[in-house]
Structure formats: C-alpha cells, structure tokens
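Chain and residue survey
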Amino acid sequence: MTAFSACGTGVSVVAAVVLLAGCSADPTPDEAPAAAAVTSPLARCEPLTDEQIAQAVGAEELTSQLTPPTCVWNAKTADGETDLTFAFSEQDSLLQLWHRALQDGFETEHVVLSREALGTTITANGFSTRDPRDPGSCAVSAAANGTLTWHVQNRSHAPRPDPCAAALELASLTIDLAP
C-alpha cells in the first residue's frame, strides 16, 4: 500500500512505515509473545505537546486522533486546514524510508535538523519527501533510535503555508538533539 497522506490522494511513506512495522508471521496462540511495555513517548503518540504542535504550524485550533504508531492532528490555521501525521518505527532505518520514497516516485532531499543547545549548534540528518502531484504535501523523516516522520498536508493542496517548513520544524522539535 502506498498512500502519502492520512487524508488525500497522495502516496505515503508514513503508511509504508506503519504497514512494514506491523507485518510479521502470525504466531500460533501457544507462541504469542508477551506484550512489551511501550516506554518511548514517540511510540505512544507523544512526540510533542499540543501547544508545541500548534505553535509550530500556527494553529488556532488543534484536534487529534491518536492511534499509535501513527498519530494524526488536524490544525485550523488562518490559511485553512492542515493535516499533520506523525509516525515512529523502531525497526525502519532512514535509508529504508529513503529507498521506499524513491520507489514510490517521490522527490527527496537531504535536510539537516538543527537547534542551539548549551551554546553550540547541534545537528542531525534526515530527508524531506514531496509528492510531485501535491505541492501542499511534504514529509520529513529523521533517525531517532529508529525513525520518525512528520507529514504535513494542506487540505487546499496549496504550497502555502509551506508544508516542508512545518514538517521540518516539527521534526526538529521532536528529535533528541541534546548533546
């Protein structure tokens, strides 16, 4: 399955992450593994506070549908409505996501996530993914003890506000860049 957004007609790296993270052979009832406790806030749909998310995208109102490992918010801004999707996978590598995006026909670009901490600039690598058929849609993926992806899609499919800038801001806030 390849769908680039939780809403809309594009194709999604996020959906591929979710599908691949959940695929495994069905064990027999006697072989079922014990449920492991989910300790990562990223895996529990807690990448950021609602206030951080709203501020990053300029949302006047934010509603959520949190169903780990994929989490969806709808942001109402002065420019219209924007869908925000966050996914986290402990199994996928950034290289695997990059290759899937290219295979699905997306435009990819290396990005550097950065912020100031303790008087120095801390950086991390990632990439953005654009659907050439939807200028209002962009995702940013980065490595974070697995991978995280923020996908931003303007419901109007307009390129403004810039979905890549919003996805990069959300990913930069989410990833642990502490030295």
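Preceding block: the structure.
In this report, the structure presented in the accompanying data block is examined. (Residues numbered from 1 in each chain as written. Predicted model: local features only at pLDDT ≥ 70, side-chain atom pairs only at ≥ 80, totals over all residues. Heavy atoms only, no water.)

Our focus in this paragraph is the overall build of the chain. Across its full length, the chain carries four helices and seven strands. Secondary structure of the chain in N-to-C order comes out as α-α-β-β-β-α-β-β-β-β-α. Counting the 179 residues in the chain, one finds 44% classified as buried. Across the chain, every contact between residues at least 6 apart in sequence was considered, and the portion connecting residues at least 24 apart equals 52%. Looking at the chain as shown, the accessible area adds up to about 9,300 Å², and 52% of this sits on carbon and sulfur atoms. (Helix = DSSP H or I, 4+ residues; strand = E, 2+ residues; numbered from the N terminus. Buried < 20%, exposed > 50% of the residue type's maximum accessible area, 1.4 Å probe, protein only. Contact = heavy atoms within 4.5 Å. Areas by Shrake-Rupley, 256 points an atom, 1.4 Å probe, with all protein chains shown as cover.)

Glancing now at the packing of aromatic side chains. As enumerated under the stated definition, the model contains three aromatic pairs in all. On the basis of an interplanar angle of 50 degrees and a centroid distance of 5.0 Å, the ring pair of Phe86 and Trp150 is categorised as tilted. Placement of the pair is Phe86 in strand 3 (residues 80–89) and Trp150 in strand 7 (residues 147–154), with a sequence separation of 64 residues. By relative accessible area, which is 0% here, Phe86 ends up buried. Judged by relative accessible area, Trp150 falls into the buried class, the value being 0%. By way of ring pairs, the aromatic residues Trp73, Phe86 and Trp150 are connected into one cluster. (Phe/Tyr/Trp six-rings, centres within 6.5 Å; stacked < 30°, edge-to-face > 60°.)

Before going further, it helps to examine the pairing of strand 4 (residues 107–117). Alignment of strand 4 against strand 5 (residues 120–130), held across eleven bridges, turns out to be antiparallel. Along strand 5, the bridge assignment pairs Arg115 with Ile122. Linkage of strand 4 to strand 5, two consecutive antiparallel strands, is achieved through a turn of two residues, within which Leu118 is found at a positive phi near 55 degrees. (Pairing = 2+ DSSP bridges.)

What follows is about the side chain of Thr174. Within the secondary structure, Thr174 sits in helix 4 (residues 163–174). Under the relative-accessibility criterion, Thr174 is labelled buried at 10%. A polar atom in the side chain of Thr174 sits 2.8 Å from the side chain of Trp150. In contact with Thr174, not counting residues within four places along its chain, are Leu42, Pro47, Leu48, Phe86, Leu148 and Trp150. (Polar contact = N/O pair within 3.5 Å; in protein donor to acceptor, adjacent residues only side chain to side chain.)

Let us now look at the nonpolar core. Ranked by internal contacts, the top residues of the largest apolar core, which has 27 residues, are Leu84, Phe86, Leu148, Trp150 and Leu170. For this core, the elements supplying multiple residues, two or more each, are helix 2 (50–57), strand 2 (70–77), strand 3, strand 4, strand 6 (137–143), strand 7 and helix 4. Counting residues per element, this core draws most heavily on helix 4, which supplies four residues. Residue contacts for Leu148: discarding those within four places in its chain leaves Leu42, Phe86, Ala87, Phe88, Val140, Ser141, Ala142, Ala171, Thr174 and Ile175. With five residues, the next largest nonpolar core counts Leu94, Ala101, Phe106 and Phe127 among its residues. (Core = buried A, V, L, I, M, F, W, Y, C linked by side-chain atoms within 4.5 Å.)

Before going further, it helps to spend a moment on the pairing of strand 5. Note: strand 5 against strand 6, five bridges, orientation antiparallel. Pairing of Gly126 across the sheet is with Ala142, part of strand 6. Between strand 5 and strand 6, which pair antiparallel one after the other, the connecting turn spans six residues.

Turning our eyes to something else, we now look at the side chain of Asn154. Assignment of secondary structure puts Asn154 in strand 7. From its side chain, Asn154 meets the backbone oxygen of Ala158 in a polar contact 2.9 Å long. With residues up to four places along the chain from it excluded, the contact list for Asn154 reads Glu81, Thr82, Gly136, Pro159, Arg160, Pro161 and Pro163.

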